[in-house]
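Examining the three-dimensional arrangement
These are the residues of each chain, in order.
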Amino acid sequence: LLISSVTNPFQNPLHQCGHMLFSIGGGKAIGSIHQCGSIYFYFMKKKWVCQSSGGGWKELQEDRIIAFTGNSNADSVVQFKLQQPVFARFLRLLPLDWNPNGRIGLRLEAYGCPYKSDVASFDGSGCLLYKFSPNPTPIRTAKDSISLKFKTLQNSGTLIHTEGLHDRSLTLELHKGTLLLHLRKADCQRADSKPQFSASPGPESHTVVSLGSLLDDLHWHHVAIERVSGHVNFTVDKSTQQIQVPAELSPFEINEISFGGVQCHGTQMVLSRRNFHGCLENLLWNEVNVNDLAKQRQKVSITGNVTFTCAEPVSVPVTFAGTQSYLQLPGAALHLQFRTWNRAGLLLTFDLQQQVGSLWLYLSETRVRLQIHKAGRILLDVVTGFGLNDGQWHSVDLTARRGRLTITVDKEESSTAHASPSFPVVSGNNLFFGGCPDSKNNQECRNPFNVFQGCMRHIRVDNNAVDLIKVQQMLIGNYSDLQIDMCGIIDRCSPSHCEHRGRCTQSWSTFHCNCSNTGYSGATCHSSVYEQSCEVYKHKGNTTGLYYIDVDGSGLIKPQLIYCNMTDKTWMVIQHNNTELTKLKASSGINQHLAYFNYSADAEQLGAIITQAEHCEQEVFYHCRKSRLLNTPDGSPFTWWVGRTDEPQTYWGGAVPGSQQCGCGLQGNCIDSDHYCNCDADRKEWAADSGLLIHKENLPVRWVVVGDIQRPESEAAYRVSPLRCHGDKNFWNAAFFNKETSYLHFPTFHGELSADISFLFKTTASSGVFLENLGIKDFIRVELSSPMEVVFSFDVGNGPFEVRVETGGMALNDDRWHRVRAERNVKEASLCVDSFPGTTQKAPADGHIHLQLNSQLFVGGTASRMKGFLGCIRSAKITPGVSPGCPGHCSSYGHLCQNQARCVERYNGFSCDCGLSAYAGPFCQREVSAYFKPGTSVQYTFKEPYELTRNTSTQSQSSSIYSDLTLRGENVSFSFRTTQSPALLLYICSYYREYLAVLLNRNGKKQRDFKKKIQIKKYFLAFLNISMIRMFTGSILLFCFQIDQQRREDFNLSSDTEFNAIKSVVLGKVQESGELDPEIARLNSLGFSGCLSVVQFNSITPLKAALLYPNTSPVIVTGPLAESTCGSSSPANTYPAETTHPLSDHSGTVGTGEPIVNAIKSDSALIGGVIAVVIFVILSALAVMVRFLYRRKVTFHSQEPKSIKPEADSPEYPFHSEPTSQNVLSENQKEYFI
């Protein structure tokens, strides 16, 4: 609790106290103010203004609110919580209105905390220089920050300047009351040069970012500059702007920082002509207090006059806020300073002596004009200055000496005007500033112009400064409706509420948006003047032609000129720069041709158009003679294209993604049945492949690479047609509400400052709520209040606000479509229904502006127990912040996706993407398994790398598509079941005759064999399921073996080669055995008998591809292969035969979420008999099985082969087998599970 004060109650209710002053005692940080009526008397104050003083008075504001509602009785407490704390020494309360009933009393409490202040005062000639210790190898930190507070009366000056490595610098400069942050590299600019504003800096760039306004008001302003990784956060008071800066241009690798001025080094020049004149408080560099270091003379040097106390300059401004404001002073010649946003207004008027006439000094079209009138005639007219309504302080000097009248603006010779009247210009008794007293009998002051709204200060009369505090105390002069000792100017364009690049201008009480050439309209340039698709234009009666399409309405995507072809389907045609047929011929030294397509719409617009459309297509043509296209069936493609996903696509028109086919290959009618494209036949005659690309996720075609054009006889030609889309999913998206309790709900509507709502409806009901969203106090609602009236209502804290449109007797419940459009922004709210006259209502000039909601958005219904809507709503668009569906399903259900599967968000749920997993099923938990026989083989073939078919110059180009052929870290995992030993489990080979083999030793050992005779052996049981191998190639080979989940071992092996150009992964028998290592070849001749499951090599799943996608995967299957459940972790039959149980075998219900139970009723005797029979049968079966297994065990041992020698276990003969070993395996290849 900082202060607690009670005022004495008094009887007279209206304006008996000008203001109430409260001392906090030293500087404090105020967080909230509470007030209530006195203990014994009812306090009936309606509104009040709170002002704080930390050197000058300033009104406390939240949202633009200056006047706050007080309490209505003696008991309740009204709290005013500040969004950010205010630092002040005094509080001043100005009552604006009182209830005439009862006595007046007030109790006020202010809450906050003590505040430590370390200040330094600069007079415009001094500075602090903070030098860092020299470091030849600077360490780049992840985060750096500079923070401070400043206050000043000067509108320009340099606060911070840093000098860093490689000619990089950062400068914080106050320029005309706005802070400019300069980020520069290389030579800095001179003081008279103009900085180039840019979004991101280049190699020799100068980036400038501006923030804040009217900061020369002698109040403390907080500034923070923070670098986090690749961006800089620039904060001034409540506003923050983020600047993306590349790490190599980071300005925080610095040698020194100067505060209050700029230090010049070498050829670098000063950005500003002025040093800072004012006070800096709490200078912090990475939490280091620079002021403390300066006081102790540690690492900080002081140049010029810098003191560590903040002197308070004498400046008492006065605010002319209303139409009745004026200031009356006695005197003659004068000087004054003023600031305003208005283009016109009276500055000064007085009557001349000897009844010569009246002098008026006023603003006219942003210029200062002086006129002397008498009896309706203009005796003198002088004009000077320009653009004086910019909110900056401007000075005016008026002197009359020796028959010469002089007016000077801003003490500049170019803004000085002279006149030589034939009469003396001497003032009468009084000077009137800003306006005139409101009195019909007042003949001394007349104002035919607008009143002045703005601030004045430094008023000098007869060459003496006017003490405005004495004026406030009624010791000199007179005044009305003034705010003395404060300037209440507000910059309503900082930040600007004009959207879509609208230009903001302002007056004293409001702002205006110029929406010219933006494509948007409305008070804040929020609403698009164009439609969202060609479909909408067609249904407004338009025909084929060029139209501007704004695909997201009032969103951030710019409108785009698009050709609309209005046929039976409405096509949107997006052109690009190369729609003609392009011919290519063989040329020496050119191995590839690259074509880039620049569309008439940018990437963001294209993405939105394609997403919104129901169907998109783009036709591609390739004409060839001795020029192969995709090099099917087994080679690497010579030609590919890239879409908006920036991924190479190796399929052509008419085929499907990932197929590496053309349309003829998919339809089976290519000219050569051995190839999947006509051009891949490589004939001397001309051929062609063409077709439509219709998969929207890959469109449009951004660039095409044509490869097979280097041979002497090669010729080719290609063409890519424009992108065409039809349909508008949003326009026909509809919902039918057949009950008053029906509704749709969406996430909270986030339209804090501006929002628009549009939809079509048809109904036969007389009333109902279209949509509603509630907050704690705020709300927004659109409803059909009667058959002939629609109401748009909301509350942002200023009380309920309604906009109504009446249809003039025409009923809206005629079961026909009607269009509703509502918009709300900080200036006004509007409502339109069909073509009826719309209604617009202005928002309060100084009221709450943020719409704060916290519940769900209801469409077709309501959460406030109002009547819901009956009928249809179509083409609903609610912006910003509302979209179909509710993202975030994966955060709740993503854990259901197992075995490294990826959770994918869907409109109405989620799905598990098993593409990178060896498992399948809805949740990627079903093991993909198959039973192998000795002749079974599955070979997954990688595409042939370019380096084997092209010269060296093309190797870097080919690697851009298939970069995974050189392996640096491998993950191999699979499950197996077998009784065969020895066995070849997995074989991986390269085009350079390198190989990796996973072998099973005959005596229960598993071995991994590499070229160069690197061998590792480890004993294990033959029936364990999982074996995972991980390899990192390079100078060191790291092997990680894990058998099941019980034991893991790592091995490091030296090697001088990488595993390059992988050719194939083989499961089972290797068919191409000509180049096999002799030992591997002998083992391969036996084949593999058993079960393989969930086989994965890096991201490749060869077994899954062979079983589930045999037609679209590069797999070759030899011998019998069928999917089986043999790899399941639970005991099961290892053979592929499966047993199914029809539902007809069970009675009960299915799909209820409950177990299926026997629904047949029987008496207890029958149930007991059945149970007894079942028990007897089970016991008998167990006895027979035990006896059978015992006899089988004896047979197994008696038939064990005698030809296998014990020395075969030695490392020299790890895989030697007799010719009879295959028969032995076949006789004993059985498993039993009890």
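Scroll up a little and you will see the structure.
Summary of the structure given here. On a predicted model such as this, the values are computed, not experimentally measured, just so you know.

Details of the packing of aromatic side chains
Under the defined criterion, the tally for this structure stands at 23 aromatic pairs. Here the aromatic rings of phenylalanine 759 and phenylalanine 761 are separated by 6.4 Å at their centres, their planes lie at 55°, and the arrangement is tilted. Take phenylalanine 761: its relative accessible area is 0%, and that puts it in the buried class. Residues phenylalanine 974 and phenylalanine 976 carry aromatic rings whose centres are separated by 6.1 Å and whose planes lie at 45° to one another, so their mutual orientation is tilted. Residue placement shows arginine 457 over the ring face of tryptophan 393; its charged tip is 4.1 Å from the ring centre.

Things to note about the pattern of salt bridges
As enumerated under the stated definition, the model contains 24 salt bridges in all. The closest approach of N and O atoms between aspartate 144 and arginine 227, which form a salt bridge, is 2.8 Å. Of this pair, aspartate 144 sits in strand S10 (residues 143-151) while arginine 227 sits in strand S15 (residues 221-228), and the two are 83 residues apart along the sequence. Both residues of the pair, aspartate 144 and arginine 227, belong to the buried class. Across the pair glutamate 802 and arginine 804 runs a salt bridge, and its minimum N-O distance is 2.8 Å. For glutamate 802, a relative accessible area of 38% translates into the label partly exposed.

Description of the state of the cysteines
Counted by the stated rule, this structure contains 14 disulfides. A sulfur-sulfur separation of 2.0 Å characterises the disulfide bridge that pairs cysteine 498 with cysteine 513. Negative torsions about the S-S bond denote left-handed disulfides, and the value of about -90° found for cysteine 498 with cysteine 513 makes this one left-handed. One end of the pair, cysteine 498, is in the loop between strand S37 (482-484) and strand S38 (503-506); the other, cysteine 513, is in strand S39 (residues 511-514), with 15 residues separating them in the sequence. Taking relative accessible area as the criterion, cysteine 498 reaches 11% and is therefore assigned buried. Accessibility expressed as a relative area gives 16% for cysteine 513, which makes it buried. Across a sulfur-sulfur distance of 1.9 Å, cysteine 624 and cysteine 679 are joined as a disulfide pair. Measuring handedness by torsion sign, the sulfur bridge of cysteine 624 and cysteine 679 sits at about -95° and is left-handed. With cysteine 624 in strand S47 (residues 615-625) and cysteine 679 in the loop between helix H5 (663-667) and strand S50 (687-693), this pair connects stretches of sequence that are 55 residues apart. Given the relative accessible area of 2%, cysteine 679 is considered buried.

Rules of the game
- Residues numbered from 1 in each chain as written.
- Predicted model: local features only at pLDDT ≥ 70, side-chain atom pairs only at ≥ 80, totals over all residues.
- Heavy atoms only, no water.
- Phe/Tyr/Trp six-rings, centres within 6.5 Å; stacked < 30°, edge-to-face > 60°.
- Buried < 20%, exposed > 50% of the residue type's maximum accessible area, 1.4 Å probe, protein only.
- Lys NZ or Arg CZ within 6 Å of the ring centre and 35° of its normal.
- Salt bridge = Lys/Arg side-chain N within 4 Å of Asp/Glu carboxyl O.
- Helix = DSSP H or I, 4+ residues; strand = E, 2+ residues; numbered from the N terminus.
- Disulfide = S-S within 2.5 Å.

Keep in mind these values describe shape, not function.
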